[in-house]
Amino acid sequence: MPELAIDGGPPVRRTPLPYGRQTIETADLEAVQRCLQSGWLTTGPAVPDFESALADFTGAPHAVAVCNGTAALHTAYHALGVRPGDEVIVPALTFAATANAVLHAGATPVFADVDAETLLLDPACVERLVTPRTKAVVAVDYAGQPADYRRLREICDRRGLRLLADAAHSLGGDLDGRRVGTLADATTLSFHPVKHITTGEGGAVLFAEQAADRRARTFRNHGITTDHRERAEKGAFEYDMVELGYNYRLTDLQASLGSAQLARLPGWLERRRSLARAYDQALAGSAALRPLAVLPGARHAWHLYVVQLDLARLAVDRARVHRALHAEGIAANVHYRPVHLHSFYRERLGTKPGMCPVAEAAYPRLLSLPMFSGMTESDVADVAAAVAKIEEAYAA
Ligand SMILES: *Cc1c(COP(=O)(O)O)cnc(C)c1O
């Protein structure tokens with residue numbers, strides 16, 4: 001049996017493979033340089049250009065760019081009418097920002113459990129948590145697979161609730177031929193460097209309705225109804241602040257980078273799908289690692305390639321497997337500790353273990369293997385080789 005790198009043996013890779021990484025090419029450098037020389041660093045034309053490109057790509061009627069994915073969530077909640085006293089149902093298995101932004105909007109997140117096979121928001125659980133105070137339901141397209149928007153739409157329509165999609169993982173995915181961006185009343189995106197396309201920090205909200213789009217534009221600009229460029233074009237100096245908003249604007253530098261990246265997204269999605277197929281094949285014989293289920297009708301966007309460990313077949317825990325993979329040069333990651341188990345939420349909302357048993361049972365078994373547009377099939381083969389070594393050494 002080959003000696004594990006964690007025990008001093010030779011690692012599978014000498015240069016570590018990260019779990020995610022941006023792709024930056026000449027087109028990106030040129031786009032940002034053109035912007036720097038254009039005279040508009042913020043509130044200029046690159047932002048509406050990026051917004052139109054996002055609307056075209058997703059088929060969403062309206063797109064509003066903001067400074068990060070968390071601001072996108074806050075803006076989406078506000079634009080759809082989430083207010084203090086409201087409850088918003090969120091899945092327990094997500095990045096903390098999905099729930100945090102509910103608190104930023106003055107409302108209360110209510111944690112719902114996920115489906116054991118897909119780890120997507122469980123509609124039956126949502127149904128049980130609806131109260132007279134519930135205003136909205138947020139689904140998270142965990143790992144890049146669209147959530148069950150058919151059943152969620154039906155529940156939201158019947159109960160008079162707004163439906164949101166946190167699509168930070170799923171730009172470019174679709175469900176029954178309907179693209180991410182058109183599956184909910186509002187869809188939020190993140191352009192952090194590990195996501196499908198990057199602007200450094202950045203985000204956007206896609207809306208079905210014009211009225212929500214207008215509220216979002218005011219909200220991201222301090223609550224002021226016109227922006228600097230509109231006033232400059234009209235030669236006007238007067239403006240009116242109609243509500244308390246934020247400075248959540250994306251700069252033109254970032255939007256230029258975003259447009260250059262978005263133009264290459266179709267090729268990158270192909271790459272991610274082909275890497276996922278390579279993982280499926282390479283791990284098909286694994287006794288201890290099981291990929292998540294992909295539902296019929298869903299076209300996965302593969303932000304993450306998540307596997308669940310079968311701990312009964314291993315003599316060690318997930319932390320040890322994670323450390324052993326790092327020693328082999330494979331930087332796996334974990335997404336996510338269920339949000340209701342963080343000490344902040346336990347103190348603030350009194351959440352505790354047992355509230356979302358499926359998410360809690362999944363958490364100690366989750367591993368995200370490397371997945372990014374610059375990866376190759378030979379990188380996947382390295383991951384599979386490291387996994388095979390570790391699985392053999394730690395077989396129960
Ligand atoms: C990345 C991410 C966010 C937040 O995006 P930022 O741009 O980092 O603020 C929100 N939700 C999920 C599920 C994410 O993965």
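Residues numbered from 1 in each chain as written. Predicted model: local features only at pLDDT ≥ 70, side-chain atom pairs only at ≥ 80, totals over all residues. Heavy atoms only, no water.

Caption draft 1: Structural detail: the pairing of strand E4 (residues 134-140). Burial analysis of E4 places six of its seven residues in the buried class, the great majority of the element. Judged from the three bridges that link them, strand E2 (residues 87-91) and E4 form a sheet pairing that is parallel. When the bridges of E4 are listed, Val88 appears paired with Ala136. Here five bridges tie E4 to strand E5 (residues 162-166), and the two strands are oriented parallel to one another. (Buried < 20%, exposed > 50% of the residue type's maximum accessible area, 1.4 Å probe, protein only. Helix = DSSP H or I, 4+ residues; strand = E, 2+ residues; numbered from the N terminus. Pairing = 2+ DSSP bridges.)

Caption draft 2: Up close: the sheet that holds strand E8 (residues 186-190). Ordered in space as E1-E9-E8-E5-E4-E2-E3, the seven strands form an open sheet in which the pairing is mixed. Across the chains shown, the open sheet's two edge strands, defined by having one partner strand only, are strand E1 (62-66) and strand E3 (108-112). Looking at each pair of strands side by side, their axes are set apart by 25° on average, direction ignored. Pairing of E8 with strand E9 (residues 203-207) involves five bridges; the strand directions are antiparallel. Pairing of Thr188 across the sheet is with Val205, part of E9. (Axes fitted to C-alpha atoms, helices over the stretch in contact; angles between N-to-C directions.)

Caption draft 3: Layout of unusual backbone geometry. A cis geometry characterises the amide bond from His335 onward to Tyr336, with omega recorded as 0°. With respect to the element layout, Tyr336 can be found in the loop between helix H11 (318-327) and helix H12 (343-349). At Leu119, a residue that is not glycine, the phi angle is positive and equals roughly 65°. Structurally, Leu119 is set in the loop between E3 and helix H5 (123-129). Owing to a relative accessible area of 2%, Leu119 belongs among the buried residues under this scheme. A positive phi angle is found at His222, which is not glycine, with a value near 70°. Its location among the elements puts His222 in the loop between helix H7 (210-219) and helix H8 (228-234). Looking at His222, the relative accessible area reads 32%, which means it is partly exposed.

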